[in-house]
Every structure is written in C-alpha cells, then in structure tokens.
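Inside the fold
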Amino acid sequence: MQTLEQLIAGAPVFAGLAPAQLQLIAGCAVNARFDAGELLFREGGPAERFFLVRAGAVALEVEAPGRGALVIETLGEGEVVGWSWLFEPYRWQFDARATMPTAVVAFDGACLRGKCDADHELGYQLMRRFAASMIERLQATRLQLLDVYGHARVG
Amino acid sequence: MAMHASVEAGTDTPGPMVPAPFTLVAKRQDTSDTWTLQLRADTGSPLAFAPGQFTMLSAFGTGEVPISISGDAGADGPLVHTVRAVGLATEAICRADVGEVLSVRGPFGRAWPVAEIDGADVLVIAGGIGLAPLRPAILALLARRERYGRLLLLYGGRSPDQLLYTGELEAWANRGLEVALTVDSAGPEWLGHVGVVPRLIARAHFDAAGAVALVCGPEVMMRFTVAALARSGVGEERIYASMERNMQCGIGHCGHCQLGPTLVCRDGPVYRWSELAPWLAIREL
C-alpha cells in the first residue's frame, strides 16, 4: 500500500519535487472516494480543496439553461481537478462530477497556500508545475474551440 | 520511400485514367452526414488495395473526389468507402441509391506500413472521418495481432453521435485493440472522455521507445497530436500521417496535389511525419 507521499510523487504534476517538499504537500492531503454521479464540487461553491485523480474519471460540467449539464472536459488518472482554490475569490467556476467510482487525493487549498507563503521555493516549484498543466489544458481547450471536425465545404 | 507497401494502380482496368463502373450494393448511414457504401465491380475482379490507399470516386456527371478505402484489404468483398457529404461531388455520391452505378479509378497512393512495424506498440490515432482511412489498417493489424505489442486506438469526434464504426469497436477490443474515445462536447449521458484527441496520448500506456503512430484527421488535430506524441517520446520518424490535398489525376501527372517536392496522390497520402514537417512549416503550402 502506497503512502500519500508516494502517491503524490507518482503524479506527473508533482514530478521532480524534493522529498521534503512532498512531505509538506502530503501534510495537506487525504485520500477520498466518490461514487459514480457524485459531485466533487459545485459551481459557485467555496473552492477549499483540489484533487489528484488516482483512479476513475471526473467530468467538468456547466449547467446551461434549457440544455442541461454540458461536459467541458473529462479528467482521469494522474490529473489535477480544480484550480479555483489558488486565487481569490476561491469559488468554483464549474461542477465536477465523478463519472465512475473514483479515488482521489484531496488537498486542503488553504493549508497548501499557507505552506507556499511560508516557503517560497515550494511555492515557486508548485506554481511552475501548475502553470505547465494549466497551459496544456488551455492549449487543448483552444483546439477544442476550433471545432476541427466541423463542416468545411469541399468536394 | 522503402518503408511503404504499394499496389500497382488499376491493374484490372484499361488504365489508371479510365473510370471503372461499380454498382452500389449496400449503403449505411453512419452519422448525420456520413454514409458507408459497398461497391461491386461491374467488370473484372474485386479491387486489390493496401490499407491507406484511395480511389477517385464519382457519381457520373458531378466530378471525381479522392476517397480513402475503408474496407478490409485482406478480404475479397466489395469495395468499401465511408463518405462524408461536404460538397457537390460527395453529396451526389452519398445520395446514390443501391443499384446505381458509380465510377471508380484506382487504387492510388502509398499505404500504411502495417507489414513493416512488427514488434512495435502501435497507436492508431484518428479524428472525425479520419478513422475511415485507418479502418483497413486496424483490420490488418488485428489480422496479424500476435506480431505487435500493444495496439491502441485513440479516436476523437465532435460529439458522441458523430463517431464512426461504433458498432465495431467492441469487436475490435475483443480482438486485442485498446480503444479510447473522446468527443469535443457531450451531455451528461456520455460517460466517456470529453476533450481533444492529443489529451488521450499522455494517459495511454505504451512503450514510447519503439512505438509507431498512424495518424489521420484534420491537419490541425494532427499537428497537435504530433506535438503530444513528441512529449511522450515518439519521434517524428515513427509517426505516419495520411494527408489530404487536391488530388485529381491520382497518378502524379497533373500536379494539383503538390506538397513541397512531393505529390500527395503518388508520394502520399501516407507519409512519415519527418518527411512532411519541413513543408508543413510553410504556410502557403
């Protein structure tokens, strides 16, 4: 059975962090499980935590009047769910729903922000990694927006 | 060029520029604008082809279009094309009824290197109707399943109802193909992945050191896919892509499908990405 530190160390977003830094991060983390269909968080709610998916899948959804819930993106093993805990006003922008039984590591956002404020090297290393992950997701979203499979009149 | 299989164009026909009549014997609607057609040669034997090749297909009087063959190269059945109605010629082809005669020239072009990648993990990566040119490659890989490592299909579409060959995916999975699907948008009833195809690559489990990728889809999607493959350790010399340009003659004479120093109808449509990359960087091409 893996410890929280080992679980965290194995995630791409935390790759390369020093053992002491992993230990600090693990101090803000607990294991959690969600059933299929269960919400991890709801749009507008306080963004107090974020999640590292260990197994399963999480759909980010937005409720559109008259259209129901629209799935924006699905996140899986090794991926981070939730950035809103990083910046004020610390409110979720989307719903996050487990689409199957899902195991996660849940991080206390305020706890980790406090450790980053106290240890700027930890904060810098974490922000570098989160920024890289966010850029990858932003680029994927831009490709998604292009609607590359849409109609183009040809032959 | 030695990495590619080839089949001589039009060996059963008077010549590669002479259309052969093929009767539409079956037709299935796959999505709102896409149909799969089965065609039987009115004269001669069934068309021999290699996975990845295309024909010039036409409903008489509406012009020819290059359409990849999507049938099983290892079977003597009818010629199979999956066609998306996106213009006058393809709309006329898709409107044809069973019993009507269409014209076919070909097959043309270089094929997927399925016989030359024994031992490798193979990623088949498709976007939208790009799965159609890859279907013969999938069938060929599965026919020789024991010769490869992991076989993965990473396939993305606009929405769940726009995915092709959904009725076959389970059978392919049962034969040893690991299938991962994704769509650009979906409602909550879709329990699969939502996001773009390149995002599936980082999640896939394969041996990057020797892996080979076969890629087909919109060119923008292929560029992002190649970048994601590179991040996973798959080099451009092990990535093959099927390109689309304005193919007309099919035999490298007319020059309409020029891409850098190559002609897509003759030197493609399947290329190594390392051959293509210098020319794709030139926007005017």
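Residues numbered from 1 in each chain as written. Chains lettered and ligands numbered in written order. Predicted model: local features only at pLDDT ≥ 70, side-chain atom pairs only at ≥ 80, totals over all residues.

A word on the overall build of chain A
Across its full length, chain A holds 4 helices and 8 strands. The linear arrangement of helices and strands in chain A, starting from the amino end, is α-α-β-β-β-β-β-β-β-β-α-α. Counting only residues that meet the buried cut, chain A has 33% of its 155 residues in that class. Counting contacts in chain A only where the partners sit at least 6 residues apart, residues at least 24 apart contribute 73% of the total. (Helix = DSSP H or I, 4+ residues; strand = E, 2+ residues; numbered from the N terminus. Buried ≥ 20, exposed ≤ 12 C-beta atoms within 10 Å, placed from the backbone. Contact = placed C-beta atoms within 7 Å.)

Digging into the confidence of the model for chain B
Reading predicted coordinates in detail is not appropriate for stretches of low pLDDT. Residue and element names in this part refer to chain B. With 95% of its residues at a pLDDT of at least 70, chain B reaches an overall mean of 91. The low-confidence segment residues 1-11, where pLDDT is below 50, has 27 contacts with residues more than four positions distant or belonging to other chains. Scored by ipTM, the complex comes to 0.82, with pTM at 0.89. (pLDDT = per-residue confidence, 0-100.)

Brief notes about helix α2 (residues 131-143) of chain B
The first and last C-alpha atoms of α2 of chain B sit 18 Å apart over 13 residues, in line with the 18 Å expected at 1.5 Å per residue. For α2 of chain B, the set of buried residues is L131, A132, P133, L134, R135, P136, A137, I138, L139, A140 and L141 of chain B. (Expected span 1.5 Å × (residues − 1).)

Here we look at the nonpolar core
With 86 residues, the main nonpolar core has V124, A213, L214 and A241 of chain B as its most contacted residues. Here the element with the most residues in this core is α2 of chain B; it accounts for 8 residues. Once residues within four sequence positions are removed from consideration, A213 of chain B is found in contact with L123, I125, L229, V234, R238, I239 and Y240 of chain B. Counting residues in hydrophobic clusters, the runner-up holds 36 residues, among them A29, L75, V80 and W85 of chain A. (Core = buried A, V, L, I, M, F, W, Y, C linked by C-beta atoms within 7 Å.)

Some details on the sheet that holds strand β8 (residues 102-108) of chain A
Residue and element names in this part refer to chain A. With respect to topology, 4 strands assemble into an open sheet ordered β1-β8-β3-β6, the strand pairing being antiparallel. For this open sheet the edge positions go to β1 (29-34) and β6 (80-81), each flanked by a neighbour on one side alone. Pairing of β1 with β8 involves 6 bridges; the strand directions are antiparallel. Note on β8: the bridge partner recorded for N31 is V105. Strands in contact with helix α3 (residues 109-118) are β3 (49-55) and β8; relative to β8, the strand with the most contacts, it is inclined by about 50°. (Pairing = 2+ DSSP bridges. Axes fitted to C-alpha atoms, helices over the stretch in contact; angles between N-to-C directions.)

A short note on unusual backbone geometry
Residue and element names in this part refer to chain A. Along the chain, E88 connects to P89 via a cis peptide bond; the corresponding omega equals 10°. Looking at where P89 falls in the secondary structure, it is placed in the loop between β6 and β7 (95-98). Positive phi, normally seen in glycine, also occurs at D147, with a value near 55°. Mapped onto the secondary structure, D147 falls in the segment after α4 (120-145).

A word on the interface of chain A and chain B
Taken together, the 25 residues of chain A in the interface contact 28 residues of chain B. Where the side of chain A that touches chain B is concerned, the elements lending two or more residues are β4 (58-64), β5 (68-75) and α4 of chain A. By residue number, the principal contributor to the side of chain A that touches chain B is β5 of chain A, which donates 7 residues.

A few points about helix α1 (residues 88-95) of chain B
Residues and elements named next belong to chain B. Buried within α1 are the following residues: A89, T90 and I93. Mapping the buried residues of α1 onto a view down its axis gives an arc of 95°, with all of them on the same face. In this structure, the buried side of α1 is in contact with β3 (54-58), β4 (65-68), β5 (79-84) and β6 (101-108). (Arc of directions from axis to C-beta.)

Description of the sheet that holds β4 of chain A
The strands making up a sheet associate through backbone hydrogen bonding, with each pair oriented either parallel or antiparallel. Residue and element names in this part refer to chain A. The strand order across the open sheet formed by 4 strands is β2-β7-β4-β5, and the pairing between neighbours is antiparallel. Here the strands that pair on one side only, and so sit at the sheet edges, are β2 (39-41) and β5. Pairs of neighbouring strands in the sheet enclose a mean axial angle of 35°, with direction left out of account. Alignment of β4 against β7, held across 4 bridges, turns out to be antiparallel. Each residue of the ladder has a partner; that of L60, found in β7, is A96.

Here's the deal with the pairing of strand β9 (residues 177-183) of chain B
Residues and elements named next belong to chain B. The pairing of strand β8 (residues 151-157) with β9 spans 7 bridges and is parallel. Considered in β9, the bridge of G157 is made with V183. Taken together, β8, helix α3 (residues 166-174) and β9 form a β-α-β motif whose crossover is right-handed. In terms of strand pairing, β9 meets strand β10 (residues 193-194) through 2 bridges, oriented parallel. Bridged to T182 within β10 is H193. (Right-handed = clockwise from strand over helix to strand, strands pointing away.)

Considering the environment of A98 of chain A
Secondary-structure assignment places A98 of chain A in strand β7. Spatially, the C-alpha atoms of A98 of chain A and L60 of chain A are 9.0 Å apart, while their sequence positions differ by 38 residues.

Considering the packing of α3 of chain A against α4 of chain A
All names here are of chain A. Contact pair α3 / α4: the axes reach a minimum separation of 5 Å and the direction vectors enclose 120°. Judged by the angle between their axes, α3 and α4 are oblique. Of α4, the residues touching α3 (which contributes K115, C116 and D117) are L122, G123 and L126. For the contact of α3 with α4, a count of residues per class yields 3 nonpolar, 1 polar and 2 charged. (Parallel < 35°, antiparallel > 145°, perpendicular 65-115°, else oblique. Nonpolar A, V, L, I, M, F, W, Y, C, P; charged D, E, K, R; others polar.)

A closer look at the environment of G37 of chain A
Residue and element names in this part refer to chain A. Among the secondary structure elements, G37 is positioned in the loop between β1 and β2. Taking the C-beta count within 10 Å as the criterion, G37 has 12 such neighbours and is therefore assigned exposed. C-alpha of G37 to C-alpha of D119: the two residues are 82 residues apart in sequence and 38 Å apart in space. Aside from chain neighbours lying at most four places away, what touches G37 is R97 and A98.

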